[in-house]
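# Structural overview
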Amino acid sequence: MEFDDKTAWMPILGESVFRFDESDVARQDAMPCLSFENPKLREERADTSNFERKTPVFVPKFQINGDQQEVVFQLPSGSSFYGTGEAGGPMERTGKRIYTWNTDAWGYNQNTTSLYQSHPWVFSVLPNGESFGVLADTCQRCEVDLRKECIIRFVSAAPYPVITFGPYPSPEALLIALAHAIGTIQMPPKWALGYHQCRWSYETAEKVFKIASTFREKNIPCDVVWMDIDYMDGFKCFTFDKEVFPDPKALSDDLHNIGFKGIWMLDPGIKVEKGYDVYDSGTELDVWIQTPHGKPFAGECWPGLTSFPDFTNKKTRDWWKELVKKFAANGVDGIWNDMNEPAVFKTVSKTMPDVNIHRGDEELGGVQPHKYYHNVYGNFQAQATYDGMLLANKDRRPFVLTRAGFIGGQRSAATWTGDNLATWEHLGMSIPMTLNLGLSGQPFAGPDIGGFAGDATPKMFIRWIGIGALMPFARGHSEKGTIDQEPWSFGLEVEKLCRVALNRRYRLLPHFYTLFYQAHKMGVPVMTPLFFADPSDLSLRKRDDAFLLGPILVSACPTPKSRRENVEVALPKGIWQRFHFEDDNPELPLMFLKGGAIVPTGPVIQHVGAATVSDTITLLIALDDKGRAEGILYEDDADGFGFEAGNYLLTTYEAQQFPSENGNDGGDVVVRVARSEGDWKRPYRKLHVRLLVGNTTQVEGECKDGEELRIKVPTRAEIDELVANNYEIETAERERTQTFLDEVFQEHEAVKGAGGVLSPIDLEAGNLVLKVIPWIGGRIISIRHNSNEWLEGRFESGCYEEYSGSEWRSSGCTEEYKVIRHSLAALDGQEFLAMEGDIGGGLILARDILVAKDSPDTMNITSRIEARTVGAGSGGYSRLIRLRIRPLIRLDHPLKTLVTYTAIDGKKHVLRGDEGFGETTISGPDRPNGEWTVVDTETGLAMTNRFDLNQVELCVVNWCPASVTIELWSEERPVSKETPIVISHDFEFHNDTTSKL
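Procedures and definitions
Residues numbered from 1 in each chain as written. Predicted model: local features only at pLDDT ≥ 70, side-chain atom pairs only at ≥ 80, totals over all residues. Heavy atoms only, no water. UniProt positions renumbered as here; feature names shortened; annotations may be inferred. Buried < 20%, exposed > 50% of the residue type's maximum accessible area, 1.4 Å probe, protein only. Helix = DSSP H or I, 4+ residues; strand = E, 2+ residues; numbered from the N terminus. Arc of directions from axis to C-beta. Contact = heavy atoms within 4.5 Å. Pairing = 2+ DSSP bridges. Axes fitted to C-alpha atoms, helices over the stretch in contact; angles between N-to-C directions. Disulfide = S-S within 2.5 Å. Salt bridge = Lys/Arg side-chain N within 4 Å of Asp/Glu carboxyl O. Parallel < 35°, antiparallel > 145°, perpendicular 65-115°, else oblique. Nonpolar A, V, L, I, M, F, W, Y, C, P; charged D, E, K, R; others polar. Phe/Tyr/Trp six-rings, centres within 6.5 Å; stacked < 30°, edge-to-face > 60°. Lys NZ or Arg CZ within 6 Å of the ring centre and 35° of its normal.

Named according to an unreviewed UniProt entry, the protein is Alpha-glucosidase originating from Ceratodon purpureus. Quoted verbatim from the Sequence similarities (unreviewed entry) field of UniProt, the annotation for the protein is "Belongs to the glycosyl hydrolase 31 family."

What follows is the structure in structure tokens.
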């Protein structure tokens, strides 16, 4: 442990928690804490007299560079990194860098560096299995750099403190310590743990009720239906379109009558319209975020010109609370805060200007520019919404879902992983994303099941709902223009499997509710990574295909491959008994119960409100190697706050195996209540026990809950025979089922690019990795240089496109291309791909892609439009065409990105992303003299595009939200077999330190 002479540190909060500042002066100058539940605790020195550890184990190094503060931790070799909140990519974060800047990130991918939420927090597991965490306690934009092994690096505006937690002996202990700082989730209403069905949008009240009724008619469990933005009158918050939602209270009553809750969207943006009472009252109270000139800021969003409430001000939050209270009188059960990064349309930054002014509460930082409050804006809206729902009914637990948030935001709202895609990649990402949110303090999270954008295939949807039904937040959601994605939308067989998947969730609701109680009380996530079972086992630290629900291990298959009879999975050390609910299916996840655990389950119900206190409780029991097991069940009124006054029942069940007197059989297992807590009287009900004695093999017993139950256990030989017989029967059944389902799935052709039936072609050589999808315009959907992704877009649009005309997305953009040649790097050290597509009129658009072995940072693309079968009547010439090359470049720092070039006439040009969005056409002597460069001045990363001037007539730059296109246009003319149009150009990826702003 070494300290810089200037570094200031002190113990805070509790055991092994320390605050570090660059200096005593920096400590005094640090801005208020916006992450802690009680911000004063960050400022108070803790009494260490009873602490086992009085000094920190890991000490950071500080460096001030201009107005930026850099903080670096060096951890032991073999350390693993997690956390960083909502981030794409693998669960283990080594090699990744993110920027905490809440961003509307529709269609994000594994390398997107800024998503909807910000958690400047790193959760690390040390080589010995201990856990250590670091929080950069700044709400401003922060670089979290984990690219170097075992090094944590933060960079943000100076000064700010860093808070360290641990090392602690277990990951649970680390998260409990973090919860002491940032708080825990509120206990949710139990109905929020059921399945949720959503779409943008169910356009009418009749459609909403039809969806809900269909769930009931088909006996598919569901608790909640959601109303997206189209219920509003002209997208104006707190209003209803009287044409399609004429009586929202009557709709709510109808939903309640069939056991459904309704959740309604409220964005932060308020339409600028005199006579609209919400806008008028906000203007009268002066609640809007201001421009630097003291005027209300107005930006484009769904309603058109929009003002944004300044939620950092208590007056504004109180105004919003009253609006929510009034809105809730329509029978609203929960509220969905969307677009609250805040998102602003028609801007390069996708949000409002950094220089806008917030008049925040003094304890939050007072009057500050937007760049200071940007990351916490969503938190304060969610807090005001939660408080408004509580104001509407003090006897009901509010439910709020927020898209944007900051660490500590779990105190007010649940969240989801934003606008994902209906692809296998996003299905796979949903597991590590939800896990890392949990490791960052947000346990109530999950993805849009089936994918929000694009069309899921039947196979993908059932895989996704099978996994998503076992996540903390389970909601199906899809956007406009996509196919229906309700559980019955993919045919009868998929409908049956969806029912099975959701029945599993509802059987496990007693266990889920108990896990949520523990998350509320202690801060331990509902869903945890596999390494929680054994933090010292290095083989578990990168497992993204499985997770834990307490002692239940869920083994998923988030890829299109068939599992068939194979039920062997790599498990943590110890006893793990596989089980199911007589619903084993190769398309659904496998479930295992840890030896030594007892888990409570219930009957299948169609919604939480259908449960009764007299319902049978079924205990799943797996004994440890000593013949013992223990587990808990938490119960209360399922809503309200009576539990805070003791109106609940927390039961600890235990099981113990006793050998037989003669030693000739397996003896007995005794199950009993070990202890109880709470004022609730134990209900009169049956207790059913499933004692798992081998994989999917069990013995059962039943008694009155509260009484002792004794179960006879077969001998070891009898158990082995039962297990072997079950394995043979189930293996054969899984094989038959998978064969049948494969035929079913083949009958439903996937939407190209979304279903995962067709896989991208990977080109990898040197430091470059490309992904190409020939079946949609031959487009390149990913160009990664080292760890940086350069393209923005998705399968269906964006990325790297080519057209045969001046019009956007003209012929050549979406046609299916054929692969003519594919040479692999393994053969000669380079990758080459040749494709061509028929674009009509006797023309083909051909593209050759070369990643050469002798230029590891450079790629070449040669494209041409050729006349193959142009008729003689046209003189052998085609229609008038133009080759248009359009790469959409992703901008991690749009306001600090430049396009630089020297023109043919020798003048130097710099185009800036902060000068507004729009298109610039460059022609004649103003054209780049054969090359131009996109450079991120924040990181120094650059891409130079070189081309032949004789082949390029126009260059076009188009600044878009968080992206820019640098287009090459050929001349416009007819072509013949002898006179094709050709553009050959290179991309070189490098570092550029000469263009700093």
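Before going further, it helps to spend a moment on helix α6 (residues 277–285). Taken together, the buried positions of α6 are V278, Y279 and G282. Angular distribution of buried residues about the axis of α6 spans 95°; they occupy a single face of the element. In this structure, the buried side of α6 is in contact with β16 (270–271), β18 (304–307) and α7 (314–328). In the stretch just after α6, D286 is the one whose phi turns positive, near 60°.

A separate point is the sheet that holds strand β10 (residues 142–145). Read from one edge of the open sheet, 5 strands run β3-β4-β11-β10-β6, paired in antiparallel fashion. Each of the sheet's edge strands pairs with one partner strand only, and the pair in question is β3 (61–65) and β6 (97–100). Neighbouring strand axes in the sheet, compared pairwise and without regard to direction, differ in orientation by 15° on average. Where β6 lies against β10, 4 bridges are found, and the strand directions are antiparallel. Across the sheet, residue R97 finds its bridge partner in β10, namely D145.

Our next topic: the pairing of strand β50 (residues 908–912). As paired strands, strand β49 (residues 897–902) and β50 are joined by 5 bridges and run antiparallel to one another. Counted as the bridge partner of T900 is V910 from β50. Adjacent in sequence and paired antiparallel, β49 and β50 are bridged by 5 residues, among which G906 carries a positive phi angle near 90°.

Moving on, we come to the state of the cysteines. The tally for this structure, following the rule as stated, stands at 0 disulfides. There is no disulfide at C142, and the cysteine sulfur nearest it, in C139, is 11 Å away. Summary of cysteine pairing: C222 is not part of a disulfide, and the nearest cysteine sulfur, belonging to C198, is at 11 Å.

As a further point, take the environment of W424. Along the polypeptide, W424 turns up in helix α10 (residues 424–438). Here the alpha-carbon distance between W424 and M460, two residues 36 residues apart in the chain, equals 7.0 Å.

Let us now look at the pattern of salt bridges. Counted according to the given criterion, the structure contains 63 salt bridges. For R42, the salt bridge identified is with E43, shortest N-O distance 2.9 Å. We classify E43 as partly exposed; its relative accessible area is 41%. When the shortest N-O distance is used, the salt bridge between D338 and R403 registers 3.3 Å. In this pair, D338 is assigned in the loop between β19 (334–337) and β20 (357–359) and R403 in the loop between β22 (400–402) and β23 (405–406), connecting sequence segments 65 residues apart. Through salt bridges with shared partners, a single ionic network connects R19, D21, R27, R42, E43 and D137.

Here we come to the packing of helix α11 (residues 458–468) against helix α14 (residues 716–746). Orientation of α11 relative to α14, taken along the N-to-C sense of each, is 125°, at an axis distance of 9 Å. Taken together, the axes of α11 and α14 are oblique relative to one another. Side by side, α11 and α14 meet where P458, K459 and I462 of the first sit next to Q738, D742 and F745 of the second. Residues that form the contact of α11 with α14 fall into these classes: 3 nonpolar, 1 polar and 2 charged.

Overall, antiparallel pairing links the 9 strands, which are arranged β44-β45-β46-β47-β56-β53-β52-β49-β50 in an open sheet. Only two strands of the sheet have a single neighbouring strand rather than two, namely β44 (817–823) and β50. In this sheet, neighbouring strand axes are inclined to one another by 15° on average, regardless of whether the strands run parallel or antiparallel. Both strand β52 (residues 931–936) and strand β53 (residues 941–947) contribute to a ladder of 5 bridges, which runs antiparallel. Each residue of the ladder has a partner; that of W932, found in β53, is N945.

Under the counting rule described, the total for this entry stands at 51 aromatic pairs. Taking the centre distance of 5.1 Å and the plane angle of 90° together, the rings of F311 and W320 count as edge-to-face. For F311, a relative accessible area of 0% corresponds to the buried category. A network of ring pairs unites the aromatic residues Y231, F238, F240, F245, W264, Y279, W288, F311, W319, W320, F327 and Y377 as a single cluster. Taking NZ or CZ as reference, K190 lies 5.0 Å from the ring centre of Y513, over its face. The ring of Y276 carries K236 above its face, with NZ or CZ at 5.4 Å from the centroid.

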